[in-house]
Amino acid sequence: LHIGGVRTALYSWLHARRHGGRFVLRIEDTDRERSTAEAVNVILEGMAWLGLDYDEGPFYQTERFDRYQECLDRLLAAGHAYRCYCSKERLEAVREQQLARKEKPRYDGRCRDLEAAPDGATEWVVRFRTPREGQVVIDDAVRGKVRYDNSELDDLILVRADGTPTYNFTVVIDDWDMGVSDVIRGDDHLGNTARQHHIFHALEAEPPCYAHVPMILGEDGKRLSKRHGAVSVLEYRDQGYMPEAVLNYLARLGWSHGDQEIFTVDELIGLFDINDVNQSASTFNPSKLAWLNQQHIMRSEPVHVARYLAPFLAERGIDPAEGGGPALEAVVSAQRERAKTLVEMADNSLFFYRRPEGYDEKAAKKNFKPEATGVLERVKAGLTALETWEAAPIHEVVHGVAEALETGLGKVAQPLRVAVSGGPVSPPIDITLELLGRDETLARIDAAVAWIQGAGAEG
C-alpha cells in the first residue's frame, strides 16, 4: 500500500464520511502474480493502522469471475465485443511499424469485423468494440470537463488469452453491481475512464462520478518511487510516525483549507471537499511530514501516543507494564517535545527503564571531572532528605546546590543528567528524577560517583 494509493483511499474515505456514504474496499486481484496473499495482507494491515475503516468488503475480483463472464457474454451477443486472434508477434510488429511512422501505437482492428475464426486458431483475447466516431466527455470533480476523441482510443482487451478479465473490464462491472456513485483515483487513470465510459454505456449502465487526483512527485520533480525513500505506508509506521500525522500530511498534499496545517481526523472529515483538490502534482516533503508528526505527538493525549510507543520499546526489550519504571504516558508527557518520531522517543527513553551500561564518552569527559563527585554527593544528600519525591522539591535541591557552590545551574544539572541517563540530553532534570524514582536516582548517582573515582575516570 504505497503513499499515492493511501492518499487516494484517504480522499475517498473522507468524501464518503463527510457525505454519509459508504466506503467500499475492493481488492483488484486479477493480476495473479502481484496479488499474493502477503500483498493483500499488507493492504489490509495498512488500512487498519491508518484507521481507514470500510463499510463494505473487502471484495475480491477473483471471486466474481462468473459475473464477469455473464457480462462478457452479453457484450459479445450485442456486438460490443469480439474475439481477437492476433498473435503477440503480429501485435508487436504492428506496434513497431506505428512507432516508426511516429504514430500512437494501438491495435489496428484486424479482427474487429471477422465473421469466423481463422483456420487453426486456438487462442484469442476478447476486445471491446470502441466507437470510432465522436467523443467521450468526462465531467471530472478535480479537472473539470475532459474530452477524448474516440478515434484516439483503441479496442481494449476485456479478457486475456488465459481467460482472466482485465482491470478496465472488471471495475466497470464491480462499480455497477456495488452501486458505486463516486470514484476517486489517480489521474493516470483518465484514459482508462474514457474507455470504461464506453463499457458502461454498452451495458446500459450509468457511469459513476469521477475525480482524478494528480500524482505525487519526489523532491527532484520525478514520480514518487523507492529512490525517494519509504514508499509503503507500513514503512512509515515502522519509522515511528503516528497514523493521524500521515493522514494529515497526505490530506494536505494536494488539498488545503486556508492556511491551516494541522488537522485532526474529525476536522478533515468536516472540511474536506474533493472539488478543492489541486489539479497540479504535489511534491512529497519528508521534512514536512516529520514536523507534522512531532506536532501530532505533542498535541495528542499522552495515553494515545503511549499506545503507539509501546511496540517500539518492546522491540528494544522494554515492557513498561511489567513495572520497575515510570508509567509510559508520563514518559510521553516528558519526552513529546523532544522527538520527531516514536523511534526517536523510544531510543531516548530507554534509560527510564534500563540503567545505563556506560556513559556517553563526550558527555562524560566534559561533565565527569573529579570535582563532579562533590557536586553529585551534595545533590544526593539533598535528595535523600526530601520528604516528597516530586519535581518541585527536586528542583529546589538542585538549585540550592548550585547556589551553595556559587556556580551555574548547568554545572550541577548536567553531571546529574549524565549520571542518571548516561548522556547529555533528557527532559528537565527535576522531571527526569521524579520519573526515575528516589531509589533508582540515588543508586545511579552512587554508580556515577564510583565511576568517576575509579577506572572509568582514569580512562
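Residues numbered from 1 in each chain as written. Predicted model: local features only at pLDDT ≥ 70, side-chain atom pairs only at ≥ 80, totals over all residues. Heavy atoms only, no water.

The subject of this paragraph is the overall build of the protein. Along its length, the protein carries 20 helices and 11 strands. A globule of 459 residues ought to have a C-alpha radius of gyration of about 23 Å, yet the protein, at 32 Å, is considerably larger. Of the roughly 23100 Å² of accessible surface on the protein, a fraction of 47% belongs to carbon and sulfur atoms. Placing the 54 positive and 73 negative side-chain charges of the protein at their respective mean positions leaves the two points 5 Å apart. (Helix = DSSP H or I, 4+ residues; strand = E, 2+ residues; numbered from the N terminus. Rg over C-alpha atoms; globule rule 2.2 N^0.38 Å. Areas by Shrake-Rupley, 256 points an atom, 1.4 Å probe, with all protein chains shown as cover. Lys, Arg positive; Asp, Glu negative; His and termini not counted. Charge placed at Lys NZ, Arg CZ, Asp CG, Glu CD.)

Before going further, it helps to spend a moment on the nonpolar core. In terms of nonpolar packing, the biggest core is built from 52 residues, with Leu309, Leu313, Phe368, Leu376, Leu383, Leu416 and Leu433 touching the most fellow members. Considering each element in turn, this core owes the most residues, 6 residues, to helix α17 (residues 409-421). Setting aside anything within four residues of it in sequence, one finds Phe368 in contact with Tyr359, Ala363, Pro415, Val418, Ala419, Ala448, Trp451 and Ile452. Counting residues in hydrophobic clusters, the runner-up holds 44 residues, among them Leu10, Ala211, Ile216 and Phe272. (Core = buried A, V, L, I, M, F, W, Y, C linked by side-chain atoms within 4.5 Å. Buried < 20%, exposed > 50% of the residue type's maximum accessible area, 1.4 Å probe, protein only. Contact = heavy atoms within 4.5 Å.)

As a further point, take the side chain of His212. If you trace the backbone, His212 turns up in strand β9 (residues 209-213). A polar atom in the side chain of His212 sits 2.5 Å from the side chain of Asp140. (Polar contact = N/O pair within 3.5 Å; in protein donor to acceptor, adjacent residues only side chain to side chain.)

Another point: the sheet that holds strand β3 (residues 81-84). The 3 strands lie next to each other as β3-β4-β7, forming an open sheet whose pairing is antiparallel. Two strands close off the open sheet at either side, each with one partner strand: β3 and β7 (157-159). Along the sheet, successive strands turn relative to each other by an average axial angle of 45 degrees, direction set aside. Examined bridge by bridge, β3 and strand β4 (residues 125-128) share 4 bridges and lie antiparallel to one another. By the bridge assignment, Ala81 is partnered in β4 with Phe128. Helix-sheet contacts for helix α3 (residues 65-77) involve β3, β4 and β7, and the interaxial angle to β3 is about 95 degrees. (Pairing = 2+ DSSP bridges. Axes fitted to C-alpha atoms, helices over the stretch in contact; angles between N-to-C directions.)

Right, let's talk about the pattern of salt bridges for a bit. Per the counting criterion, the structure on display carries 28 salt bridges. Here Asp55 and Arg17 are joined by a salt bridge, their closest N and O atoms 2.9 Å apart. Taken together, the positions of Asp55 in the loop between α2 (37-50) and β2 (56-60) and Arg17 in helix α1 (residues 3-18) put the pair 38 residues apart, joining distant regions of the chain. Residue Arg26 pairs with Asp175 through a salt bridge whose shortest N-O separation is 2.9 Å. Here Arg26, found in strand β1 (residues 24-27), pairs with Asp175, found in helix α5 (residues 167-177); they are 149 residues apart in sequence, far enough to count as distant. Of the two residues, Arg26 and Asp175, both sit in the buried class. In this structure, a network of salt bridges that share partners links the residues Arg26, Glu28, Arg64, Arg67, Glu70, Asp174, Asp175 and Asp177. (Salt bridge = Lys/Arg side-chain N within 4 Å of Asp/Glu carboxyl O.)

Between helix α12 (residues 328-335) and helix α13 (residues 342-349), the least distance of the axes is 11 Å, while the angle of their chain directions is 105 degrees. With respect to α13, the axis of α12 lies roughly perpendicular. Only Met345, Asn348 and Ser349 of α13 make contact with α12, whose side of the interface consists of Val331, Val332 and Gln335. A per-class count over the contact of α12 with α13 returns 3 nonpolar, 3 polar and no charged. (Parallel < 35°, antiparallel > 145°, perpendicular 65-115°, else oblique. Nonpolar A, V, L, I, M, F, W, Y, C, P; charged D, E, K, R; others polar.)

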